Structures are given as structure tokens and as C-alpha cells.
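# Commentary on secondary and tertiary structure
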Amino acid sequence: MTRKLFSNTRLAAILAAFGVASAPAAYLALPQAAHAQQASQIDQVVAALRGITTMKANFTQADRNGQRVSGVLTLKRPGRIRFQYEEGVPLLIVSDGKAMTLVDYEVRQVERWPISDSPLGALLDPSRDVKRYGTMKSTGNPNVLSVEVKDSSKPEFGTITLVFVKKASAPGGLELVSWVALDSQNKRTTVRLTNQRYGMSVSDRTFTYTDPRRSGRR
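Notes on the structure in this doc start here. These figures come from a predicted structure and were not determined experimentally.

## Some details on the environment of Thr-74
Mapped onto the secondary structure, Thr-74 falls in strand β2 (residues 68-76). According to the relative accessible area criterion, Thr-74 is buried, its value standing at 6%. When the C-alpha atoms of Thr-74 and Met-55 are compared, they prove to be 5.8 Å apart, with 19 residues separating the residues in sequence. The contacts of Thr-74, once residues within four sequence positions are left out, are Met-55, Lys-56, Arg-80, Ile-81, Arg-82, Val-202, Thr-206 and Phe-207.

Written out as C-alpha cells, the structure is:
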């Protein structure tokens, strides 16, 4: 894996690809029936996200140029998530419930943001973002739901679309299967999830990291 994949622009795309923005999306005038349908579908999405207590899944991330990187996602609500990249990729994204941390082991750099400022806010707290600001998009398939969030006041967050497939055994009857992120520079990143598993025991230590600036864990 080359360092080119992890330029500043690509790092921004990685962060965007794993969540949605926390400010209002643009809202278009719709017929009353369409509003009701959107509200019902967004309620379904929120219920599905709230129904996840713990989850593990494999993820594959690809950009518009076809560059791909894989890893394992671990989530524990409330507020904890870890994106462990495959061997050879010197990055880690982790939230301990209070702050999001990006660890770059190649350059020994650590960056932290409050969860409230993170684009991952909607995944970690869907009642705050998805329900209030999400816009359902037509998929042409009654078994697939797609919700888009666009923060017009913060273009650096771009546009994020989360895709769910109806599955009776998944929490809330919907399984999150992918994200598509289009950043402020029109770079698209797609993240696909497979092998989703729910309800397992996950230690809080999973959401710690080895600080490359010094020895020891945080």
C-alpha cells in the first residue's frame, strides 16, 4: 500500500466515508404523502441503528480511481467505534465514546475531535442527525433504503449516502450495507460492509490505541 492513498485529501475522504455530517441537510418541498413516507422510512433507519448494541463487519473502501483498502469495523453503542485497516495500512480510526481519533503510525501523528464535531456523529447517535436531517432517496427497490445527508453550511463534509437492505434478522429489520461519500473536491469514496454480526461481547479496551508518539496505550 503506497502513501499516495493517504494524502490529506484522501484522509478527509476516509473520515467522511465513515459517517454523515451533523448539520441540516438541504430540504426540498415535497407533497404531504411523500413527506409521510420519508418520515416513516427515516424512522425505520433510526430504529435499525438504535437496535445495534454491538456489531462487527468486514469493510472494503474504494475511491473513484479504483484504489481499494479493507479492514474490520467494530461498533459498540453508545459512541464507540473502531476501523482497523488491513495489514500494511498505517492508519487507525477509533472513538472511545468521547472523541474521535485518527492515528497515523507512518508519520507518528494523532488527531482528535469531539464526537459532536465528527462526521461519524450520525452513526454513533442517529437520533441527533439522521432523523432530523436525513433525506430519503429513491432506489427503485422496495427492499433497499437509501438516506442522504448533505451539510450545505460545511462543504468539507460533502454528501454522504447510507444504504440499507431489508433483512429480518438484522436489528430493526434493516442491515447497513454501504456508504457512498462525495467530498468537497468531488472525490467519491465507497465503503461496503460484509459479514455483519451483532450482539457479541466487546471489551471497552477494543477502543483504545497505541500512541505512536510515545510508548503506552490511550
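## Structural notes on the nonpolar core
Val-45, Leu-73, Ile-81, Phe-164, Trp-179 and Leu-193 are the most contacted members of the largest nonpolar core, which totals 36 residues. It is helix α2 (residues 32-50) that contributes the most residues to this core, five residues altogether. Not counting the four nearest positions on each side in its chain, Leu-73 is found in contact with Met-55, Lys-56, Ala-57, Phe-59, Ile-81, Arg-82, Phe-83, Trp-179 and Leu-193. Membership of the second largest hydrophobic core comes to seven residues, among which are Val-94, Val-110, Val-202 and Tyr-209.

## Regarding the side chain of Asp-63
Here Asp-63 is to be found in strand β1 (residues 54-63). For Asp-63, a relative accessible area of 11% translates into the label buried. A polar side-chain atom of Asp-63 sits 2.9 Å from the main-chain amide nitrogen of Asn-65. A polar side-chain atom of Asp-63 sits 2.9 Å from the main-chain amide nitrogen of Gln-67.

## Quick notes on the pattern of salt bridges
Under the definition given, this model contains four salt bridges. Taking the shortest distance from any N to any O, the salt bridge between Arg-80 and Asp-204 comes out at 3.7 Å. Highlighted residues: Arg-80 in strand β3 (residues 80-85) and Asp-204 in the segment after β11 (188-198), separated in sequence by 124 residues. Judged by its relative accessible area of 21%, Arg-80 is partly exposed. A residue is classified by how much of its surface remains accessible, and Asp-204, at 41% relative accessible area, is partly exposed. Residues participating in the shared-partner salt-bridge network are Lys-76, Arg-80 and Asp-204.

So, how was this worked out
- Residues numbered from 1 in each chain as written.
- Predicted model: local features only at pLDDT ≥ 70, side-chain atom pairs only at ≥ 80, totals over all residues.
- Heavy atoms only, no water.
- Helix = DSSP H or I, 4+ residues; strand = E, 2+ residues; numbered from the N terminus.
- Buried < 20%, exposed > 50% of the residue type's maximum accessible area, 1.4 Å probe, protein only.
- Contact = heavy atoms within 4.5 Å.
- Core = buried A, V, L, I, M, F, W, Y, C linked by side-chain atoms within 4.5 Å.
- Polar contact = N/O pair within 3.5 Å; in protein donor to acceptor, adjacent residues only side chain to side chain.
- Salt bridge = Lys/Arg side-chain N within 4 Å of Asp/Glu carboxyl O.

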